[in-house]
Amino acid sequence: IRPPEPLRVAALFNQRANIEEARGALDDAERDTRAALDLVRKQNGDASLDVAENLINLGVLRMRRGDAAGAEPMFREGLATYRRLLPGEHPLIADAMSNLARALDREGKPAEAEPIYLDVLSMQRHLFGDPHGDVATTLNNLAVLDVGQGDYAKARSMMQQVVDAWTKMAGPTHPLALASRCNL
């Protein structure tokens, strides 16, 4: 069964947006992602996983442009939609929360970002186990947040967990293990 025409067109807009983003044409990518979002909203209403995905994609594009304040509402709305439609602990919810925390951190709101990152970490450990690449990435994000707040002892502890995770998953000479070791 073929999807209704507006959804096929929205998928084409998203494909083109991915190409535009890859070549650095962020304005064009945002225009196409907005067009996809508009089509999906008209077809499915606001309570749609496709709407949430497009909102998150718009937030990511804003972050790539250095506009964390513009990304934050996109991430919040996308996350709220995922939470309405998906079970409590779901990888898409964890990813959306992580994006929101990153935006808040970049906006200079580490006190708002940290509890979100900690919730993401808990969720990822429950979903994926430890070690896992997503868990290591969240630990790294928390370490960077701690450095920004001047809590170097806490950051070092987090970063040691990152080194241990990448070393266990990929070996001590893997580029991610080496890079995280350099960050200690």
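Here the residue numbers are simple positions, counted from 1 along each chain's written sequence. Restriction of local features to residues with pLDDT of at least 70 applies here, the model being predicted, together with a cutoff of 80 or more for giving and counting side-chain atom pairs; totals for whole chains, interfaces and linings are based on all residues. Based on all heavy atoms of the structure, the side-chain values leave hydrogens and waters out of the count.

### What to know about the overall build of the protein
This is how it is decided: Secondary structure elements are taken from DSSP: a helix is a run of H or I of four residues or more, a strand is a run of E of two residues or more, and numbering for both begins at the N terminus. Exposure categories follow from relative accessible area, calculated using a 1.4 Å probe and restricted to protein chains: below 20% of the type maximum is buried, above 50% is exposed, and the middle band is partly exposed. Residue contacts are defined here by distance: any two heavy atoms, one from each residue, within 4.5 Å place the two residues in contact.
Looking only at helices and strands, the protein features 9 helices and 0 strands. A principal-axis box enclosing the C-alpha atoms of the protein has dimensions of 55 × 30 × 30 Å. Evaluated residue by residue, the protein yields a buried proportion of 41% over its 184 residues. Looking at the protein alone, contacts between residues at least 24 apart form 50% of all its contacts between residues at least 6 apart.

### Structural notes on the nonpolar core
The nonpolar side chains of soluble globular proteins are, as a tendency, buried together. Quick reminder of the rule: What is meant by a nonpolar core is a set of buried Ala, Val, Leu, Ile, Met, Phe, Trp, Tyr and Cys residues, joined one to another through side-chain atoms within 4.5 Å.
One finds F75, Y82, I93, M97 and I116 to be the most contacted residues of the largest nonpolar core, which totals 36 residues. Of all the elements in the fold, those that place two or more residues in this core are helix 3 (49-64), helix 4 (68-85), helix 5 (91-106), helix 6 (110-128), helix 7 (133-148) and helix 8 (152-170). For this core, the element with the highest residue contribution is helix 5, accounting for 8 residues. The residues touching F75, leaving out its near neighbours within four places in the chain, are I56, G59, V60, M63, N99, L100 and A103.

### Side note on the environment of L176
Along the polypeptide, L176 turns up in helix 9 (residues 175-183). Judged by its relative accessible area of 40%, L176 falls in the partly exposed class. Separated by 10 residues in sequence, L176 and W166 place their C-alpha atoms 6.3 Å apart.

### Digging into the pattern of salt bridges
Worth spelling out the cut-off: We define a salt bridge as a side-chain nitrogen of Lys or Arg found within 4 Å of a carboxyl oxygen belonging to Asp or Glu.
Summed over the entire model, instances satisfying the criterion amount to 20 salt bridges. Between E30 and R65 there is a salt bridge, with the nearest N and O atoms lying 2.5 Å from each other. Taken together, the positions of E30 in helix 2 (residues 26-44) and R65 in the loop between helix 3 and helix 4 put the pair 35 residues apart, joining distant regions of the chain. The network of salt bridges with common partners includes R16, E20, R23, D28, R31 and D32.

### A look at the packing of helix 2 against helix 3
The cut-off we apply is this: Comment: axis = line fitted to C-alpha atoms, over the contacting stretch for helices; angle = value between 0 and 180 degrees taken between N-to-C directions. Reported orientations rely on four angle classes, namely roughly parallel under 35 degrees, roughly antiparallel over 145, roughly perpendicular from 65 to 115, and oblique for the rest. Rotating anticlockwise by less than a right angle from the far helix to the near helix defines a left-handed crossing, while the corresponding clockwise rotation defines a right-handed one.
Contact geometry of helix 2 with helix 3 gives a least axis separation of 9 Å together with a crossing angle of 165°. By the criterion of interaxial angle, the relationship of helix 2 to helix 3 is roughly antiparallel. Seen along the crossing, helix 2 lies across helix 3 with a hand that is left-handed. In contact with L26, A29, E30, T33, R34, A36, L37, V40, R41 and N44 of helix 2, helix 3 contributes D50, V51, N54, L55, N57, L58, L61, R62 and R64.

### Observations concerning the environment of N99
Take N99: it is sitting in helix 5. N99 gets classed as buried once you look at its relative accessible area, which sits at 13%. Separated by 36 residues in sequence, N99 and M63 place their C-alpha atoms 9.2 Å apart. Contacts of N99, omitting those with residues within four sequence positions, involve I56, V60 and F75.

### What about the environment of D32?
As a reminder of what qualifies: By the criterion applied in these results, polar contacts are pairs of N or O atoms within 3.5 Å in which, for protein atoms, one can donate a hydrogen and the other can accept it, and in which residues neighboring in sequence qualify only through two side-chain atoms.
Secondary-structure assignment places D32 in helix 2. Exposure remark for D32: the relative accessible area of 0% places this residue in the buried category. Along the chain, D32 and E114 lie 82 residues apart, while their C-alpha atoms are 32 Å from each other. For D32, the contacting residues outside a window of four places in its chain are F13, R16, A17 and E20. Here R16 takes part through its side chain, which lies 2.8 Å from a polar atom of the side chain of D32.

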